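Inside the fold
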Amino acid sequence: MVRAWPAESRWLLAQQRQPGTPEPVEAPQRPALQEVSQFMLLEREVELEYRPRMLQALQNKVKTVADSLRDQTPDCERCRQPMKRHDAEPVSWMARCGVLSASVERYRCPTCQDERRPLLDRLGVEPGRVSGSLARLLALLAVVAPYTLAAQLAWLLLGVRISPSGVWKVVQRLGESAVRYSEGMSRYHGDSRSVGASTQGAPPAVVLSVDGSMLGMQVRPQRRRRTGADPLPALPAAREGQFQEVKTGVLLLPSERVETSPGRHSVVRRFLVSCLGDADAIFARLYAQLRELGWVGPHTVVVIVGDGAEWIWNRATLLVRRCEILDFWHALEHAWGVARLLYGEESQRAGRWVHQIAEDLRAGQVQEVIARLQRLRPKTPELREKLQGLIAYYSEHRGRMHYDEYLRLGYGIGSGAVESAHKQVVQARFRQAGMRWSEAGARRLLALRLLLLNDQWALLDGLPMVTMA
Ligand SMILES: [Zn+2]
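Here is a short report on the structure shown in this document. (Residues numbered from 1 in each chain as written. Predicted model: local features only at pLDDT ≥ 70, side-chain atom pairs only at ≥ 80, totals over all residues. Heavy atoms only, no water.)

**Re the nonpolar core**
Counting residues in hydrophobic clusters, the biggest one holds 81 residues, and the most contacted among them are Leu361, Tyr394, Tyr403 and Leu448. Dropping the residues within four chain positions of it, Leu361 is found in contact with Phe328, Ala331, Leu332, Val366, Val369, Tyr394, Met401, Tyr403 and Asp404. Ranked by size, the runner-up nonpolar core spans 21 residues in total, among them Leu208, Leu251, Phe271 and Leu290. (Core = buried A, V, L, I, M, F, W, Y, C linked by side-chain atoms within 4.5 Å. Buried < 20%, exposed > 50% of the residue type's maximum accessible area, 1.4 Å probe, protein only. Contact = heavy atoms within 4.5 Å.)

**Describing helix α5 (residues 147–158)**
Its 12 residues give α5 an end-to-end C-alpha distance of 15 Å, which sits within 8% of 16 Å, the value for a rise of 1.5 Å per residue. Turning to α5, its buried residues number three or more, namely Tyr147, Ala150, Ala151, Ala154 and Leu158. Along α5, the residues classed as buried sweep out an arc of 105 degrees about the axis, all on the same side. Across from the buried face of α5, at angles greater than 90 degrees, the exposed residues are Thr148 and Leu156. Next to the buried residues of α5 lie α2 (38–69), α4 (132–144), α6 (164–190), α14 (416–430) and α15 (439–453). Immediately downstream of α5, the backbone of Gly159 shows phi near 70 degrees, a positive value. (Helix = DSSP H or I, 4+ residues; strand = E, 2+ residues; numbered from the N terminus. Expected span 1.5 Å × (residues − 1). Arc of directions from axis to C-beta.)

**Topic: the sheet that holds strand β5 (residues 243–252)**
Think of a sheet as strands paired side by side through backbone hydrogen bonds, with each pair either parallel or antiparallel. Read across the sheet, 5 strands follow the order β8-β5-β4-β9-β10 without closing on themselves; strand pairing throughout is mixed. A single partner strand is all that each edge strand has here, and the edge strands are β8 (271–276) and β10 (322–326). Between one strand and the next, the sheet's axes are offset by a mean angle of 20 degrees, whatever the strand orientation. Direction of pairing for strand β4 (residues 205–216) relative to β5: antiparallel, over a ladder of 10 bridges. Bridging from a neighbouring strand, Val210 pairs with Gly249 of β5. (Pairing = 2+ DSSP bridges. Axes fitted to C-alpha atoms, helices over the stretch in contact; angles between N-to-C directions.)

**Topic: the pairing of β8**
Burial of β8 is extensive: 6 of the 6 residues sit out of reach of the surface. Bridge analysis of β5 against β8 gives 6 bridges, and the strand direction is antiparallel. By the bridge assignment for β8, Leu251 is matched with Phe271.

**As for the packing of α5 against α6**
Between α5 and α6, the shortest axis-to-axis distance is 8 Å and the interhelical angle comes to 105 degrees. In this view, α5 runs roughly perpendicular relative to α6, as classed from their interaxial angle. Note on element contacts: α6 touches α5 through Pro164, Val167, Trp168, Val171 and Gln172, opposite Tyr147, Thr148, Ala150 and Ala151. Of the residues contributing to the contact of α5 with α6, the split by class is 7 nonpolar, 2 polar and no charged. (Parallel < 35°, antiparallel > 145°, perpendicular 65-115°, else oblique. Nonpolar A, V, L, I, M, F, W, Y, C, P; charged D, E, K, R; others polar.)

**Describing the sheet that holds strand β2 (residues 98–108)**
What the 3 strands build is an open sheet, ordered β1-β2-β3; its pairing is antiparallel. Where the open sheet ends on each side, the last strands, each with one partner, are β1 (84–95) and β3 (115–116). Two elements, β2 and β3, share 2 bridges in a ladder whose sense is antiparallel. Residue pairing for β3: Arg108 is matched across the bridge by Glu115. Against the sheet, α2 engages β1 and β2, with an angle of about 10 degrees to β2.

Quick look at the structure:
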């Protein structure tokens, strides 16, 4: 009941507040900025001073290489005859410390008309493009941040002005190379004649777990093209259902799992594999990675942890010595669905009911749990349906629910590692607000991101920058 206060009591309250008369209210001060520290100034001063010197030093080295090539007539790659010097053209390219330039001799084969520019071949640079090491730094930025932010970071961190689409191009070229490399690896190890790493120190058990999530895809089948001076045609609106699944797999050794704090486990090493769409492809890649690591010896058990998704168990048969485990937390999640209908949302009884199931499953009592569920007499059609679903789920996977045994063997029972890995690979970069991906674009960036997360970034130095049409 709301009642207006009599005027007197309001006056009384006002008197009570009196004792200390209120402080005069001051306008807030604009926060002051401190002066830049002297060392910061010195550091930047030296950077600014030495940048042109680095450029000059680099330019000198280029000249040395150019001089060493002078008077060497290259042979034609096709007909092996000596080529003839045609002309020299000025060429420039961008490195981290600035733009380099050189006069590049061009040779031509009198017979086949093929051309060569020995200096550029030797240096491995492309006229008008960014240098290989700058390209790899730009790609690194784009692997952790969206393209526009990556371009901003390039300026702030590297002092290099480049547009977001410039960063995008670099990612496409290096990413395509990384994609081809990992596909080549899958093909290589997919053939039984290939040589894997030594399995001398192969572990007794390897845990493999997989997870998937949806990526928003672009609707347009190809990139928009500007025709003449016309503005780009508008993007069609993204429709629901334009999604594709990204699958991530994690490989780790159960012996390397450590408890960082009570209940929190982390692993020393883990290898991530990710791909867009195809279930066969992710397994081929996981298998290739296992061989590459030398982790599947003749006695190694591959422990496969997954949710109920059929594609996982269908492909698990690829691995001969295996142990299939239904992720414990998925098993409980299904039980919660029934508990909520039985006892109501958030009720304590529901919690206790699920807890009992968890205890029994952990103790390897899956048959007893199923029998108990079968004895329940559901009162509503909805509950009956949910309950039947749970019984069917447990019955189908009971061979994968010997949790007591898995714990005893040290295999673990949950797929927490893959879920957190998947978030790190996919969510953190690919699923930000409004992001839509082309299939090729997502594939390429994914391949690069995996190199970083697997601590294999240096591998990129050995991969060529693919020329895009
Ligand atoms: Zn020739």
